[in-house]
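Below, each chain spelled out in residue letters.
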Amino acid sequence: MHGIHSRQALISRIVLALAAALVALGTVTHAASAYETTATYVTSWGTVGSGQGQLRSPGGVGVHSGNVYVADTANNRIEEFHPYGHFVKSFSAGHQLSQPLAVAADETGHVYVADTGNSRIVKFTAHGEFVRAWGSHGTNHDQFRHPIGIAAHADHVYVTDGNRIKKFTTHGVLVRVWNALGDQGGLANGVAVDAGHVYVTVASQYTTGVVKFTTGGAFVREWGSFGPAVGQFATPVGIAISPRHHIFVADTGHSRIEKFTEDGAFMEAWGSLGSGANQFLFPRGIAVDGNGHIYVADGGNNRIEKFFEPVAF
């Protein structure tokens with residue numbers, strides 16, 4: 001139990017350190033606050049707390065067939081909502097999730113959770129029923145230190161863990177492992193997958209941006225750098241792909257969302273630091289549904305924000 005509590009304390013310190021670092025970047029965060037965008041604010045929901053429909057530092061969001069799943073990180077649970085914020089249910093693995101940072105759903109409706117504090121992946125049905133879990137704390141290929149990002153596509157699950165990307169079957173069998181940043185160290189954060197490629201947000205001393213791979217782990221290209229200009233980032237975290245293969249990134253440190261082509265060409269951005277509509281405070285997770293709706297886990301404001309962008313689908 002001491003080891004588990006130590007890991008939980010470590011993750012809490014990591015989250016707090018990230019927040020402190022981003023506050024320290026306040027001059028950068030305020031440097032770019034108005035952009036041209038076609039995204040329209042729709043609604044937001046969530047208040048801080050541990051009751052039904054409330055959130056504490058939501059870290060990730062996933063969508064499937066009109067259901068919105070939120071990794072309610074500090075409440076150690078997954079919450080399910082209808083697309084306009086009506087609370088449906090909350091669930092965890094026998095109340096044993098620990099600081100889950102990300103959630104994803106596959107084409108069949110199964111829900112996968114990066115159970116960060118427990119160094120494992122947990123799979124549920126679309127109704128929140130436990131299916132299986134895999135992983136343990138360690139440095140072997142089939143183990144995790146602190147899984148942060150997760151994506152599911154075409155019978156495979158992709159997980160970011162430190163500097164590595166790990167590919168599993170939906171039954172938890174390890175398929176492949178590769179480094180997101182080569183020998184640079186640093187951190188792989190969010191992950192998104194389409195039919196042929198894997199996109200990972202990364203932050204290191206040398207690279208801050210997005211790295212694109214094939215689903216087999218071969219490097220394709222990277223884009224982005226640290227800075228306040230459009231197309232640059234300060235701690236990119238969440239990443240999602242629209243049906244038209246546009247790439248959306250939660251640029252956490254700049255409290256904005258940035259949109260790119262699948263080859264990394266900047267398209268548009270929106271958001272600024274704050275708690276109003278079209279504003280964010282440390283946005284982390286992002287998901288796009290098949291109808292052009294974009295959902296953002298606005299972690300510092302303890303809410304989900306929903307947008308609509310016709311060109312997103």
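The rules behind these values
Residues numbered from 1 in each chain as written. Predicted model: local features only at pLDDT ≥ 70, side-chain atom pairs only at ≥ 80, totals over all residues. Heavy atoms only, no water. Pairing = 2+ DSSP bridges. Helix = DSSP H or I, 4+ residues; strand = E, 2+ residues; numbered from the N terminus. Axes fitted to C-alpha atoms, helices over the stretch in contact; angles between N-to-C directions. Core = buried A, V, L, I, M, F, W, Y, C linked by side-chain atoms within 4.5 Å. Buried < 20%, exposed > 50% of the residue type's maximum accessible area, 1.4 Å probe, protein only.

A. Molecular detail of the pairing of strand β5 (residues 87–91). Bridge count for strand β4 (residues 77–81) against β5 is four bridges, and the pairing is antiparallel. Residue E80 lies in a different strand from β5, and its bridge partner there is K89. Between β4 and β5, which pair antiparallel and follow one another directly, the connecting turn spans five residues, one of which, G85, has a positive phi of 100°.

B. Structural view of the sheet that holds strand β25 (residues 293–298). The four strands are arranged β1-β26-β25-β24 in an open sheet whose pairing can be described as antiparallel. With one partner strand each, in any of the chains shown, β1 (40–45) and β24 (283–288) form the two edges of the open sheet. Along the sheet, successive strands turn relative to each other by an average axial angle of 20°, direction set aside. Relative to strand β26 (residues 303–308), β1 runs antiparallel, the two sharing five bridges. When the bridges of β26 are listed, T43 appears paired with K306.

C. Structural context of the nonpolar core. Core analysis: the largest hydrophobic core is formed by 14 residues, its most contacted members being A180, V191, V198, V200 and F213. Contributions of two or more residues to this core are made by β14 (187–193), β15 (197–203) and β16 (208–214).

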